[in-house]
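Architecture at a glance
Residues per chain are reported as follows:
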Amino acid sequence: MIVADASVNASKEIKITDSKIEGIPYIPKGKKIPTNSKEQQFMFLAQINCEDLKGLEDFPQEGILQFWVLGEDLLGLDFDDYTNRDGFDVIYYEKIEDYYSEDEFKEMYNPYKFDLKYMETLIASEPCKMKFFLEKQKESFNYELLDNLFKEVLEEESLGFNEKDKLYEEVEKLYDDEFYEEIVGTKCNGFPYFTQWEPRDDEQMKEYDTSLFQIDSGKEVMIGDSGVMHFFINREKLKNKDFSDVFYHWDCY
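Here is a short report on the structure shown in this document. (Residues numbered from 1 in each chain as written. Predicted model: local features only at pLDDT ≥ 70, side-chain atom pairs only at ≥ 80, totals over all residues. Heavy atoms only, no water.)

A closer look at the pattern of salt bridges
Under the criterion given, the structure shown has nine salt bridges. For the salt bridge of Asp58 with Arg235, the shortest nitrogen-to-oxygen distance reads 3.2 Å. In this pair, Asp58 sits in the loop between strand 3 (43–49) and strand 4 (64–69) while Arg235 sits in helix 5 (residues 235–239), placing the two residues 177 residues apart along the sequence. A salt bridge links Asp245 to Lys237; the shortest N-O distance between them is 3.1 Å. Taking the relative accessible area as the measure of exposure, Lys237 reaches 24% and is therefore partly exposed. (Salt bridge = Lys/Arg side-chain N within 4 Å of Asp/Glu carboxyl O. Helix = DSSP H or I, 4+ residues; strand = E, 2+ residues; numbered from the N terminus. Buried < 20%, exposed > 50% of the residue type's maximum accessible area, 1.4 Å probe, protein only.)

Let's talk about the packing of aromatic side chains
Aromatic rings considered in pairs are described by the distance between their centres and by the relative angle of their planes. Counted according to the given criterion, the structure contains 15 aromatic pairs. With centroids separated by 6.2 Å and ring planes inclined at 55 degrees, the aromatic side chains of Phe88 and Phe231 adopt a geometry described as tilted. Of the two residues, Phe88 sits in strand 5 (residues 88–93) while Phe231 sits in strand 9 (residues 228–233), which places them 143 residues apart along the sequence. By relative accessible area, Phe88 is classed as buried at 1%. (Phe/Tyr/Trp six-rings, centres within 6.5 Å; stacked < 30°, edge-to-face > 60°.)

Focus: a negative patch on the surface
Side chains of Asp201, Asp202, Glu203, Glu207 and Asp209 sit close together on the surface and give a patch of like negative charge. Mapped onto the elements of the fold, Asp202 is located in helix 4 (residues 202–207). (Patch = residues over 30% accessible without salt bridge, like charges linked within 9 Å, V, L, I, M, F, W, Y side chains within 5 Å. Areas by Shrake-Rupley, 256 points an atom, 1.4 Å probe, with all protein chains shown as cover. Lys, Arg positive; Asp, Glu negative; His and termini not counted. Charge placed at Lys NZ, Arg CZ, Asp CG, Glu CD.)

Observations concerning the state of the cysteines
Evaluation of the coordinates by the stated rule reveals zero disulfides. Looking at the unpaired Cys50, the closest cysteine sulfur is the one in Cys188, lying at 8.1 Å. A residue is classified by how much of its surface remains accessible, and Cys50, at 0% relative accessible area, is buried. (Disulfide = S-S within 2.5 Å.)

Some details on the pairing of strand 9
In terms of burial, strand 9 is largely enclosed, as six of its six residues are buried. Side-chain alternation along strand 9 places Val228, His230 and Phe232 on one buried face and Met229, Phe231 and Ile233 on a second face that is also buried. The sheet contact formed by strand 9 and strand 10 (residues 247–251) spans five bridges and is antiparallel. In the sheet register, Met229 faces strand 10, and the bridge partner there is Trp250. (Pairing = 2+ DSSP bridges.)

Notes on unusual backbone geometry
Phi at Leu75 is positive, roughly 55 degrees, even though this residue is not glycine. For Leu75, the position within the fold is in the loop between strand 4 and strand 5. One non-glycine residue, Asn189, adopts positive backbone phi at about 70 degrees. Within the secondary structure, Asn189 sits in the loop between strand 7 (186–188) and helix 4.

So, the side chain of Asp216
Within the secondary structure layout, Asp216 lies in strand 8 (residues 210–216). We note that Asp216 is buried and unpaired, the nearest opposite charge coming from Lys187 at a distance of 8.1 Å. Engagement of the side chain of Asp216 in a polar contact is seen with the backbone nitrogen of Gly185, the distance being 2.8 Å. Discounting chain neighbours no more than four positions away, the residues touching Asp216 are Val184, Gly185, Thr186, Tyr193, Val221, Gly227 and Val228. (Polar contact = N/O pair within 3.5 Å; in protein donor to acceptor, adjacent residues only side chain to side chain. Contact = heavy atoms within 4.5 Å.)

Examining the side chain of Asp245
For Asp245, the position within the fold is in the loop between helix 5 and strand 10. Asp245 sits in the buried class, given a relative accessible area of 18%. Among the polar contacts listed, one links the side chain of Asp245 to the side chain of Tyr208, at a separation of 2.8 Å.

What follows is the structure, encoded as structure tokens:
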């Protein structure tokens, strides 16, 4: 499996059409900043210049793919419906055309913020540029095995606290040694990384079977308490450049 891993670096030298987290997004002339059903503007989260994904199978190879979220405490997350677009949006511009300047964008941009002090920055202290590179990943990853191992340790009533704690550490070591480096990081495609649990049920894992974009906390970016953010999509819809149905989730420690 080929993944596009991203190095993320804070920078003031970022072009409007660059791949980035926060900053000034690409908005074609005549287009509007996305809003929810209450006409509240979303906050700009990130964009990918798809030229940077050249060679990544089934992903767009040109244009701009953008991610927007609502500026409230859960960043648009709906625990009852992870596909509810009233809290986030994913937009794909197939061609890069004439676009609004930084000054023009700032005049248009008035995103909803439930707490101005809290939402002064979203997840990055300053805009970050993303540079993608292709990397081969293992072809299989058994989340079910790890989930079952953790559950067995936690539910084993015959074990004392110290014994259970020791077994738990052994399972964590297995996780770190065998899988951790394969799944962490900001990237497109590949196996996703969760700080707590897999949010998709069995049926949803079949429907939203591809990691469209994963943002991981690091030196430049912080999602909650060292969390990770996910956007999942169906592979066939991805091939057709149909981003109307996306599964959005984030969690933290």
